[in-house]
Amino acid sequence: MDNKKKEKSEGEKLAEKLLSDKKNGGLRLSEEKIKKADKFCEGYKSFLNTAKTEREAVIEAVAQAEKAGFKPYEKGKKYDAGDKFYFVNREKAIILTVMGNDGLEKGIRLAAAHIDSPRLDLKQNPLYEDKELCLFKTHYYGGIKKYQWTTVPMSLHGVVIKADGESVTVNIGEDKDDPVFCVTDILPHLADAQMKRPAPQLIKGEELNLLIGSRPFRDDAVSNKVKLNIMAILNEKYGIVEDDFVSAELEAVPAFKAQDVGFDRSMVGSYGQDDRVCAYTALQAILKCKDPKKTCMTILTDKEETGSDGNTGLNSSYLPYFIADLAKVYGLEGRNVISASECLSADVNAAYDPTFSEPFEIRNSSQINYGVVATKFTGARGKSGTSDASAEFVGRVRKLFDEHNIVWQTGELGKVDGGGGGTVAQYIANLDMNVIDVGVPVLSMHAPFEITSKIDTYMAYKAFSVFFAD
């Protein structure tokens, strides 16, 4: 009788053979692997705290790359297999390369992530005083729910280029003794009119004003005393005057530190995980890449959140120009190298949220702890703005991940008519390269505090690593 219970029925055997049976990574991985994921994410949290802007992400990537033996790229130099080098584009994007044993004519293995995130940028004439409070005018960057960015402690990061050309770095609000800043909101008792606004207008763009001071300069002979006092503080600390804001790039970002989330510490909560969770994992994969068969590259790029335009975004030509310059040394055409190449567009997807389940189609949504997510197509309503990876390339990636025991899943960004979004994949595909989105599912995407799974983050690192090693 006991033996009969242990035997599988014909239907059970057939179901096991024919039907998909995805499981939570917490059930699939050994305790040892889960501990490795947790340990890996300690470095990830440090990266999140250090690299809150695209400029800071490039600085941190260069520091880690040089520690790993990478050297600055020398245009026109002929590199040998195993050589490691990096190229920085205008301080806001970076390409890291490890030369392979095969010739470049065999193509490149490319992982492409972005290092810009939604935030509040200061306008070029930001400083003003109103009713003896001093504020900065901002212009939000990327797709945000504006109401989420009020009453949040903010830090200020970026550069100011003075009239004489000197560059001044600003980073204030991150150290424990630093002041922070915030956008105010009206109290519920007086919010009747505000609460009748449509949700997108609950907080208007011109209401995202950053509160920065309230004490006046002690001199009755001058007006705008609070503004003058703030400017005097900034001049003393940074040597700048008000006109210098015209040639500045200053970003207000949440002052939170990355933290474990949950009693089980299974998740990471932080600002900027879209897309630094993929940037960090792709960076670590290239830093640890040794003796690859094909030449491998990780590119950390800017401007994805606003359409990838501009000379530091992947809708520009700096990537194909770089590959063309590299290929020319070996007597090759850059376009032929690109056509033979493959890319994992390292970008996040929206994790299924049971509290807000309506916009998701559960059979085709990614889930926390189910591993790195391969997204065949992105776009919106009718696949507008997507590259839509071919069945052949999806099959190749599927086989690669399965052979190396990568915990992975598929997903798309919500229901067909529910909205959507794009990634850099379409611009890589436009170069005539096979590409698919591979990244980490995120809860509360584009909010000041986003959530990812440690298991999924570690699996992303493993996925990029086996792609480079293949």
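Residues numbered from 1 in each chain as written. Predicted model: local features only at pLDDT ≥ 70, side-chain atom pairs only at ≥ 80, totals over all residues. Heavy atoms only, no water.

J.: Got a minute to help me understand a positive patch on the surface in this structure?
T.: Positive charge collects at one region of the surface, where Lys-22, Lys-23, Arg-28 and Arg-398 lie side by side. Mapping Arg-398 onto the fold places it in helix H11 (residues 391-403). (Patch = residues over 30% accessible without salt bridge, like charges linked within 9 Å, V, L, I, M, F, W, Y side chains within 5 Å. Areas by Shrake-Rupley, 256 points an atom, 1.4 Å probe, with all protein chains shown as cover. Salt bridge = Lys/Arg side-chain N within 4 Å of Asp/Glu carboxyl O. Lys, Arg positive; Asp, Glu negative; His and termini not counted. Charge placed at Lys NZ, Arg CZ, Asp CG, Glu CD. Helix = DSSP H or I, 4+ residues; strand = E, 2+ residues; numbered from the N terminus.)

J.: What exactly am I supposed to notice about the packing of helix H5 (residues 54-67) against helix H8 (residues 273-287) here?
T.: When two helices pack together, you describe them by how their axes are tilted relative to each other and by the distance separating the axes. Where H5 meets H8, the closest approach of the two axes is 11 Å, and the angle between their N-to-C directions is 20 degrees. In terms of orientation, H5 and H8 fall into the roughly parallel class. Like other packed secondary-structure pairs, H5 and H8 cross with a definite hand, here right-handed. Touching Glu-54, Ala-61, Gln-64 and Ala-65 of H5 are Arg-276, Leu-283, Gln-284 and Leu-287, all from H8. (Axes fitted to C-alpha atoms, helices over the stretch in contact; angles between N-to-C directions. Parallel < 35°, antiparallel > 145°, perpendicular 65-115°, else oblique. Left-handed = near helix turned anticlockwise from the far one by under 90°. Contact = heavy atoms within 4.5 Å.)

J.: Where do I start with the environment of Phe-401 in this structure?
T.: Checked against the element boundaries, Phe-401 lands in helix H11. For Phe-401, a relative accessible area of 1% translates into the label buried. Between the C-alpha atoms of Phe-401 and Leu-104, which are 297 residues apart in sequence, the distance is 24 Å. In this structure, Phe-401 is in contact with Val-372, Ile-406, Trp-408, Val-438, Ala-463 and Val-466, ignoring residues within four places of it in sequence. (Buried < 20%, exposed > 50% of the residue type's maximum accessible area, 1.4 Å probe, protein only.)

J.: Explanation requested: the pairing of strand S23 (residues 450-453) in the structure shown.
T.: Side chains on a regular strand alternate between the two faces of the sheet. Side-chain alternation along S23 places Glu-450 and Thr-452 on one buried face and Ile-451 and Ser-453 on a second face that is also buried. In the sheet, strand S13 (residues 267-270) pairs with S23 via four bridges, with the strands oriented antiparallel. By the bridge assignment, Gly-269 is partnered in S23 with Ile-451. (Pairing = 2+ DSSP bridges.)

J.: Which parts of the structure should I look at to understand unusual backbone geometry?
T.: Note: most residues except glycine have negative phi, and most peptide bonds are trans. Cis geometry marks the peptide bond from Asp-274 to Asp-275, where omega comes out at 15 degrees. Mapping Asp-275 onto the fold places it in helix H8. In this model, Arg-265 sits at a positive phi of 55 degrees, which is unusual for a non-glycine residue. In this structure, Arg-265 sits in the loop between strand S12 (259-261) and S13.

Function cannot be inferred from these measures alone, as they are strictly geometric.
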